[in-house]
Amino acid sequence: QQPVQSPQAVILREGEDAVINCSSSKALYSVHWYRQKHGEAPVFLMILLKGGEQKGHDKISASFNEKKQQSSLYLTASQLSYSGTYFCGTETLSNDYKLSFGAGTTVTVRA
Amino acid sequence: DTGVSQNPRHKITKRGQNVTFRCDPISEHNRLYWYRQTLGQGPEFLTYFQNEAQLEKSRLLSDRFSAERPKGSFSTLEIQRTEQGDSAMYLCASVKPYGYTFGSGTRLTVV
């Protein structure tokens, strides 16, 4: 079952912050975050694992609330390069890496 | 890390024709995943391989779709008797210890 992302879209000025949320109705083993620019493939940003381990991007942070099956991605001091569509991908079983992706959040950062 | 390569990048075909796409994953990654992405949506899981074994197929993968990964190296995805609803971006991904590396995708247009 597909996770729900919010908001659908956000417009920022350079330097502003934003939060993207991802919520699942199922118990999660991990949450992945990807960014996709127009016409390109999604690019891995970060993975958050059950138990608190986090791997990924050094300038974008995220949190994972295992009890609520929710994750949030924090875009801090946004840069023009942060523009794109952000997807969360959720994994409900360990070790199969099969992901269900949300519908995406389109982020536009303006100068 | 030479990346994940997909060919062709674009394919336009007439309804009813068969098409085949190829994915060359990162050589040391033994898991390979196929996803389909339509406009404005996140990727949807189709199938995945561990080495040459196809471990799971989505309900989205009707009997017109077949995927192979001979010898656990490259993979092919074939669609027989294409329909307009098959028009989408077909993404291949191989799995690092954490996160997917996606190929650039094959954009299929069925006319």
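In this report, we go over the structure that sits alongside the text. (Residues numbered from 1 in each chain as written. Chains lettered and ligands numbered in written order. Predicted model: local features only at pLDDT ≥ 70, side-chain atom pairs only at ≥ 80, totals over all residues. Heavy atoms only, no water.)

1. Here we look at the environment of Ile-47 of chain A
Residue and element names in this part refer to chain A.
Argument step 1. Tracing the chain through its elements places Ile-47 in strand S5 (residues 43-49).
Argument step 2. Since its relative accessible area comes to 0%, Ile-47 is described here as buried.
Argument step 3. Note: C-alpha distance between Ile-47 and Ser-63 (16 residues apart in sequence) is 9.9 Å. (Helix = DSSP H or I, 4+ residues; strand = E, 2+ residues; numbered from the N terminus. Buried < 20%, exposed > 50% of the residue type's maximum accessible area, 1.4 Å probe, protein only.)

2. Some thoughts on the sheet that holds strand S3 (residues 18-23) of chain A
Residues and elements named next belong to chain A.
Argument step 1. An order of S1-S3-S8-S7 is seen for the four strands of this open sheet, with the pairing classed as antiparallel. Edge positions in the sheet fall to strand S1 (4-6) and strand S7 (61-65), since each has one partner strand and no second. On average, each strand axis in the sheet is inclined to that of its neighbour by 15°, with strand direction left out of account. (Pairing = 2+ DSSP bridges. Axes fitted to C-alpha atoms, helices over the stretch in contact; angles between N-to-C directions.)

3. Describing the nonpolar core
Residue and element names in this part refer to chain A.
Argument step 1. Formed by 21 residues in total, the largest nonpolar core has its most connected members in Ile-20, Trp-33, Leu-73, Leu-75, Tyr-86 and Val-107.
Argument step 2. When contributions to this core are tallied by element, the ones reaching two or more residues are strand S2 (9-13), S3, strand S4 (30-36), S5, S7, strand S8 (70-75), strand S9 (84-91) and strand S11 (105-110).
Argument step 3. Setting aside chain neighbours within four positions, we find Leu-75 in contact with Glu-16, Asp-17, Ala-18, Ile-20, Ile-60, Tyr-82, Tyr-86 and Val-107. (Core = buried A, V, L, I, M, F, W, Y, C linked by side-chain atoms within 4.5 Å. Contact = heavy atoms within 4.5 Å.)

4. A closer look at the interface of chain A and chain B
Argument step 1. Taken together, the contact between chain A and chain B spans 21 residues of the former and 22 residues of the latter.
Argument step 2. Both faces combined, the contact of chain A with chain B buries some 1,700 Å², and carbon together with sulfur accounts for 55% of it.
Argument step 3. It is Tyr-97, Lys-98 and Phe-101 of chain A in chain A that bury the most area against chain B; as a group they hold 33% of the surface buried on that side.
Argument step 4. At the boundary of chain A with chain B, the tally comes to one salt bridge.
Argument step 5. The residue Lys-98 of chain A makes a salt bridge to Glu-56 of chain B at a minimum N-O spacing of 2.5 Å.
Argument step 6. Along the contact surface separating chain A from chain B lie seven residue pairs in polar contact (both at pLDDT 80 or more).
Argument step 7. Residue assignment for the side of chain A that touches chain B shows that the elements contributing at least two residues are S4 and S5 of chain A. (Buried area = accessible area lost by both parts, 1.4 Å probe. Salt bridge = Lys/Arg side-chain N within 4 Å of Asp/Glu carboxyl O. Polar contact = N/O pair within 3.5 Å; in protein donor to acceptor, adjacent residues only side chain to side chain.)

5. Observations regarding the environment of Gln-2 of chain A
Argument step 1. Along the chain, Gln-2 of chain A falls in the segment before S1.
Argument step 2. For Gln-2 of chain A, a relative accessible area of 45% gives the class partly exposed.
Argument step 3. Along the chain, Gln-2 of chain A and Ser-23 of chain A lie 21 residues apart, while their C-alpha atoms are 9.2 Å from each other.
Argument step 4. Those residues within four positions of Gln-2 of chain A in sequence are excluded, and the remaining contacts are Ser-100, Phe-101, Gly-102 and Ala-103 of chain A together with Gln-41 of chain B.
Argument step 5. At 3.3 Å, the side chain of Gln-2 of chain A forms a polar contact with the backbone oxygen of Phe-101 of chain A.

6. Some thoughts on the pairing of strand S11 (residues 106-110) of chain B
Regular strands have side chains that alternate between both faces of the sheet.
Residues and elements named next belong to chain B.
Argument step 1. The two faces of S11 differ: Thr-106, Leu-108 and Val-110 on one face are buried, but Arg-107 and Thr-109 on the other face are not.
Argument step 2. Across four bridges, the pairing between strand S2 (residues 10-13) and S11 is parallel. Each bridged residue has a counterpart across the sheet, and for Thr-13 the counterpart in S11 is Val-110.
Argument step 3. In the sheet, strand S9 (residues 88-95) pairs with S11 via three bridges, with the strands oriented antiparallel. When the bridges of S11 are listed, Met-89 appears paired with Arg-107.

7. Considering the sheet that holds strand S8 (residues 75-79) of chain B
Residue and element names in this part refer to chain B.
Argument step 1. On the basis of which strands lie adjacent, the open sheet formed by four strands has the order S1-S3-S8-S7 and antiparallel pairing. One side of each edge strand has no neighbouring strand; the edge strands of this open sheet are strand S1 (5-7) and strand S7 (65-68). Across the sheet, the mean angle separating the axes of adjacent strands is 15° when strand polarity is ignored.
Argument step 2. Of the strand pairs in this sheet, S7 and S8 are connected by four bridges, and their pairing is antiparallel. Across the sheet, the residue bridging to Glu-68 is Thr-76, located in S8.

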